[in-house]
Amino acid sequence: MDRELVLVVLALLFAGPLFATCGAVVPSRTTRSPSAQRWEQRCWARLWLPLLPGGFVLAVLVGWALMEPASAEPVPRTMVGAAMPFVPIWCRALARAVRSALARPPGVAAGTVGLVRPRVVISERFSRALTARERDATRAHEIAHVRHRDPLRLLLAQLATDLQWPCPGAQARLDQWRRSLELARDEEARLQGADGWDLAAAILAAARLGPHWRAGSTALVGGGVPLEERIGALLAPLPRDDTPVAPSPVLLLSLTAAGMGAVCLGATLGETVVRALVA
Amino acid sequence: MRTRALPGGDLEYAVLATLWDLGSGTARDIHARVGARDNLAYTTTAKVLDRLHAKGLVSRALAGKAFVYQPKAKREHIVRGLARKMLLRLLGPQPAPAIATLVDAVESVDPKLLDELARLVEARRRSRDGS
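These figures come from a predicted structure and were not determined experimentally. (Residues numbered from 1 in each chain as written. Chains lettered and ligands numbered in written order. Predicted model: local features only at pLDDT ≥ 70, side-chain atom pairs only at ≥ 80, totals over all residues. Heavy atoms only, no water.)

Trainee: Would you mind showing me how to read the overall build of chain B here?
Mentor: Of the regular secondary structure elements, chain B holds five helices and four strands. Reading chain B from its N terminus to its C terminus gives the helix and strand order α-β-α-α-β-β-α-β-α. Taking 131 residues into account, the globule formula puts the C-alpha radius of gyration at 14 Å, and chain B, at 26 Å, lies well above it. Considering only C-alpha atoms, chain B reaches an extent of 85 × 35 × 30 Å along its principal axes. Each of the 131 residues in chain B was classed as buried or not, and the buried ones make up 34%. Of all intrachain contacts in chain B linking residues separated by at least 6 positions in sequence, the fraction that spans at least 24 positions is 54%. Per element, the accessible surface of chain B, about 8,100 Å² overall, is 53% carbon and sulfur. Across chain B, 23 positive and 14 negative side-chain charges occur, with their mean positions spaced 7 Å apart. (Helix = DSSP H or I, 4+ residues; strand = E, 2+ residues; numbered from the N terminus. Rg over C-alpha atoms; globule rule 2.2 N^0.38 Å. Buried < 20%, exposed > 50% of the residue type's maximum accessible area, 1.4 Å probe, protein only. Contact = heavy atoms within 4.5 Å. Areas by Shrake-Rupley, 256 points an atom, 1.4 Å probe, with all protein chains shown as cover. Lys, Arg positive; Asp, Glu negative; His and termini not counted. Charge placed at Lys NZ, Arg CZ, Asp CG, Glu CD.)

Structure (structure tokens):
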């Protein structure tokens with residue numbers, strides 16, 4: 001059997017259930033903190049937490065595959081059968097990631113686009129509706145999105161969520177992160193000098209120009225931040241305490257080291273383990 | 001492109017499938033094959049046929065005292081439509097686009113809410129500029 005096919009089957013069989021199980025176990029809500037940026041960081045970390053064990057297993061399997069010759073031990077049919085239910089889940093996740101990457105919502109007033117080289121886009125119609133200060137505030141908000149490469153993060157977050165499907169907690173974590181994201185970028189724009197009231201006015205102007213505006217209908221719905229909450233946060237003073245902390249270098253190094261360790265573990269012991277599994 | 005109606009549920013599909021097999025039939029003929037087998041009342045089968053007729057999936061013509069039903073939709077079209085529906089259900093609702101917009105795409109916005117919030121923001125800005 002081809003090494004790559006064996007890798008895929010083992011990945012589906014072991015990482016697949018781990019994603020779903022951990023997705024169900026990790027709490028879906030992250031406690032709100034006074035700083036929106038810190039809250040966003042926590043929500044982002046919680047989004048990926050359920051994928052760590054499965055990711056570790058995948059790294060081990062990759063390590064095994066790197067040392068394995070092109071033709072590997074065939075996997076028993078029972079194992080292939082057990083892996084099959086995860087095929088539609090992973091295909092669905094990939095299909096939705098592609099849809100997310102290609103989707104272009106109509107009539108975007110202002111946004112950040114581009115997965116590899118993010119850039120700010122502001123429609124001329126929207127720009128004309130703003131004062132100079134409101135335009136600056138909008139740009140500051142969008143530049144904060146560029147700084148963090150948020151279009152790519154949105155895509156990866158969607159993929160991470162879909163790999164845990166049909167766990168409802170995963171969608172709740174994604175929704176909470178998306179909510180925290182806009183509040184965090186508003187806060188960052190204000191910390192960079194943009195006026196909260198000008199940004200609030202710009203947001204209201206964008207909401208008026210939105211393509212789905214319909215007279216006499218109910219309040220803002222959807223996965224984003226309720227309008228009242230966002231405007232309220234912009235009109236409130238910036239949080240004094242609990243200033244955001246950049247992701248800990250120690251944590252990043254530890255995760256990288258664990259990943260590399262997993263690959264090395266797979267490379268050294270993978271053959272023994274896989275042979276025992278498929279025997 | 002006009003969205004084609006599809007049979008909703010197993011019973012509607014079973015009745016339609018029976019019509020495809022028979023070619024045409026009265027409610028009693030169809031009930032004998034589908035409804036009676038599942039211990040359903042005759043009126044249930046008749047209601048299902050009414051619904052299929054309302055959806056444009058079957059046609060009917062009066063023959064004596066009873067309607068004779070004929071399938072209007074082709075089997076392959078319905079099967080393809082149902083498969084597509086199942087695939088879309090599996091894919092789930094449209095994923096959020098990988099674009100960070102200033103305001104999320106929304107289903108609807110209350111203009112009164114917008115006006116109220118705009119008044120609040122303007123009042124704050126006037127007090128800022130005035131001070």
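Trainee: Would you take a moment to explain the sheet that holds strand β2 (residues 119–122) of chain A for this structure?
Mentor: In any sheet, the strands associate via hydrogen bonds between backbone groups, in a parallel or an antiparallel arrangement. Sheet architecture is open: three strands sit in the order β2(A)-β1(A)-β4(B), paired in antiparallel fashion. With one partner strand each, in any of the chains shown, β2 of chain A together with β4 (100–101) of chain B form the two edges of the open sheet. (Pairing = 2+ DSSP bridges.)

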